[in-house]
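Each chain, written out:
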Amino acid sequence: MAHVPYEQRWAAARKRFEAATAKHRPKDAKAVAAALNGDAALVKALKAGDAVHRAGTVGDEAAKDLAAAGKDAVKARKAYLAALDKALDEDAASRGDKAAAAACERAMKALAKDLAELEADIGADADRFKAQAGQAEKDAASSERAQKRWEANINGALARAAAGVAKVRAKPTPDTYNELFPALARDLATQLAAAKALDGLRADPDFYRRKLAPWAGQGGDGPPMRVPPDYTARQITDLIKEFATVCKGVVQLVGGR
């Protein structure tokens, strides 16, 4: 919900008060006029609160600034209402106007209620900013933990892939190759899919996941996901070389964080 400026709300409350008491306040009552116009400190405090909202920031600093503005508003409100109430009482008493005294008393109660609601909203906004700051800290900590877990998982998958590549190169036979694929590639692809939720990667993890797809999820049982028994050592070496090249790209992706 958009912020309705505190100062604007105060201006509306004061306008309602003036309308409710207009016919009961003599135009030559200088003390009443002075008291009614003595809201400079209150307006200043409310403007300070509005400035926090205009800045568009949240967090502990914004919460503190807003709480300080609220504290100043409470102090100014007490002084303002006391002075205004006194001036109205003295004016009505000097004229012996009981109807004016009753009308002004009702209007003062309404004005005090408007200000109490305004102060409560300032306090609630400050609490909301503070809560948002706390949640942001929790989210950041959670995100950091998730990224660390992912780094451990992807590095583990890369280590297994490197060991698999070395094993196939040492013995480039169909049995050795098929013992490792497609599980080896799917392990990496799973971690790349999880990387989509992370920030700070050098490249789109989906790029490398698509590169791994032939080894991890190609339809059917054919190469490079699995190779037939008559595949030669040269053919297997070429496949594992391509796979190793994709793995090198994934290493750079992780190292770029």
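Residues numbered from 1 in each chain as written. Predicted model: local features only at pLDDT ≥ 70, side-chain atom pairs only at ≥ 80, totals over all residues. Heavy atoms only, no water.

### Quick look at the overall build of the chain
Step number 1: Secondary structure summary: the chain contains nine helices and zero strands in total.
Step number 2: Counting helices and strands in the order they occur from the N terminus, the chain gives α-α-α-α-α-α-α-α-α.
Step number 3: The globule rule puts the C-alpha radius of gyration for 257 residues at 18 Å, and the 36 Å found for the chain is more than 25% above it.
Step number 4: When its C-alpha atoms are laid out on the principal axes, the chain stretches across 115 × 30 × 20 Å.
Step number 5: Evaluated residue by residue, the chain yields a buried proportion of 37% over its 257 residues.
Step number 6: Residue pairs at least 24 apart in sequence account for 80% of intrachain contacts in the chain once pairs closer than 6 positions are excluded.
Step number 7: Surface accessibility of the chain: about 14800 Å² in total, with carbon and sulfur atoms responsible for 54%.
Step number 8: Put simply, the chain has 43 plus and 35 minus side-chain charges, and the middle of one group is 2 Å from the middle of the other. (Helix = DSSP H or I, 4+ residues; strand = E, 2+ residues; numbered from the N terminus. Rg over C-alpha atoms; globule rule 2.2 N^0.38 Å. Buried < 20%, exposed > 50% of the residue type's maximum accessible area, 1.4 Å probe, protein only. Contact = heavy atoms within 4.5 Å. Areas by Shrake-Rupley, 256 points an atom, 1.4 Å probe, with all protein chains shown as cover. Lys, Arg positive; Asp, Glu negative; His and termini not counted. Charge placed at Lys NZ, Arg CZ, Asp CG, Glu CD.)

### A short note on the domain arrangement of the chain
Step number 1: Considered domain by domain, the chain is made up of domain 1 (6-140) and domain 2 (171-255).
Step number 2: The C-alpha-based centres of domain 1 and domain 2 are spaced at 68 Å. (Domains from an automatic or database assignment.)

### What about the packing of helix α7 (residues 183-194) against helix α8 (residues 205-216)?
Step number 1: Running from amino to carboxyl end, α7 crosses α8 at an angle of 155°, the nearest separation of the two axes being 9 Å. Here α8 runs roughly antiparallel to α7, going by the angle between their axes. Of the two possible hands of crossing, α7 and α8 adopt the one that is left-handed. For the pair α7 and α8, the contacting residues are Ala185, Arg186, Leu188, Ala189, Leu192 and Ala193 in the first and Pro205, Tyr208, Arg209, Leu212, Trp215 and Ala216 in the second.
Step number 2: Grouping the amino acids of the contact of α7 with α8 by side-chain chemistry returns 10 nonpolar, no polar and two charged. (Axes fitted to C-alpha atoms, helices over the stretch in contact; angles between N-to-C directions. Parallel < 35°, antiparallel > 145°, perpendicular 65-115°, else oblique. Left-handed = near helix turned anticlockwise from the far one by under 90°. Nonpolar A, V, L, I, M, F, W, Y, C, P; charged D, E, K, R; others polar.)

### Observations regarding the side chain of Arg14
Step number 1: Within the secondary structure layout, Arg14 lies in helix α1 (residues 6-21).
Step number 2: On the basis of relative accessible area, Arg14 is assigned to the buried category, the value being 16%.
Step number 3: At a separation of 2.4 Å, a polar atom in the side chain of Arg14 contacts the side chain of Asn37. (Polar contact = N/O pair within 3.5 Å; in protein donor to acceptor, adjacent residues only side chain to side chain.)

### So, the environment of Ser143
Step number 1: Relative to the assigned elements, Ser143 resides in helix α5 (residues 98-170).
Step number 2: For Ser143, a relative accessible area of 31% translates into the label partly exposed.
Step number 3: Taking the C-alpha atoms as reference points, Ser143 and Cys247, separated by 104 residues in sequence, lie 25 Å from one another.

### Observations regarding the packing of aromatic side chains
Step number 1: Tallying each qualifying case throughout the model produces five aromatic pairs.
Step number 2: Relative to Tyr208, the ring of Phe207 lies with its centre 5.0 Å away and its plane at 85°, an arrangement referred to as edge-to-face.
Step number 3: Judged by its relative accessible area of 39%, Phe207 falls in the partly exposed class.
Step number 4: On the accessibility criterion, Tyr208 (13% relative accessible area) is buried.
Step number 5: An aromatic cluster is defined as three or more aromatic residues linked by ring pairs; in this entry it consists of Tyr177, Phe181, Trp215 and Phe243. (Phe/Tyr/Trp six-rings, centres within 6.5 Å; stacked < 30°, edge-to-face > 60°.)

### Some details on the pattern of salt bridges
Step number 1: Counted under the stated rule, the structure contains 15 salt bridges.
Step number 2: Here Arg128 and Asp125 are joined by a salt bridge, their closest N and O atoms 3.3 Å apart. With Arg128 and Asp125 both in helix α5 and three residues apart, the pair spans about one turn of that helix.
Step number 3: Asp238 is paired through a salt bridge with Arg234; the nearest N and O atoms lie 3.6 Å apart. With Asp238 and Arg234 both in helix α9 (residues 233-255), this residue pair falls four residues apart, about one helical turn.
Step number 4: You can call Arg234 exposed: its relative accessible area is 61%.
Step number 5: Where salt bridges share partners, they join Arg14, Glu18 and Asp39 into one cluster. (Salt bridge = Lys/Arg side-chain N within 4 Å of Asp/Glu carboxyl O.)

### Topic: the environment of Lys171
Step number 1: Among the secondary structure elements, Lys171 is positioned in the loop between α5 and α6 (174-180).
Step number 2: On the basis of relative accessibility, which here comes to 52%, the residue Lys171 falls in the exposed class.
Step number 3: In the structure, Lys171 is positioned 138 residues away from Ala33 in sequence and 99 Å away in space, judged by C-alpha atoms.

### Comments concerning the packing of helix α3 (residues 40-55) against α5
Step number 1: Interaxial distance between α3 and α5 falls to 12 Å at its minimum, and their mutual angle equals 30°. Between α3 and α5, the interaxial angle falls into the category roughly parallel. Crossing of α3 over α5 shows left-handed handedness. Contacts between α3 and α5 pair Leu42, Leu46, Val52 and His53 from the former with Leu115, Leu118, Ile122, Asp125, Arg128 and Phe129 from the latter.
Step number 2: In terms of residue class, the contact of α3 with α5 is built from seven nonpolar, one polar and two charged.

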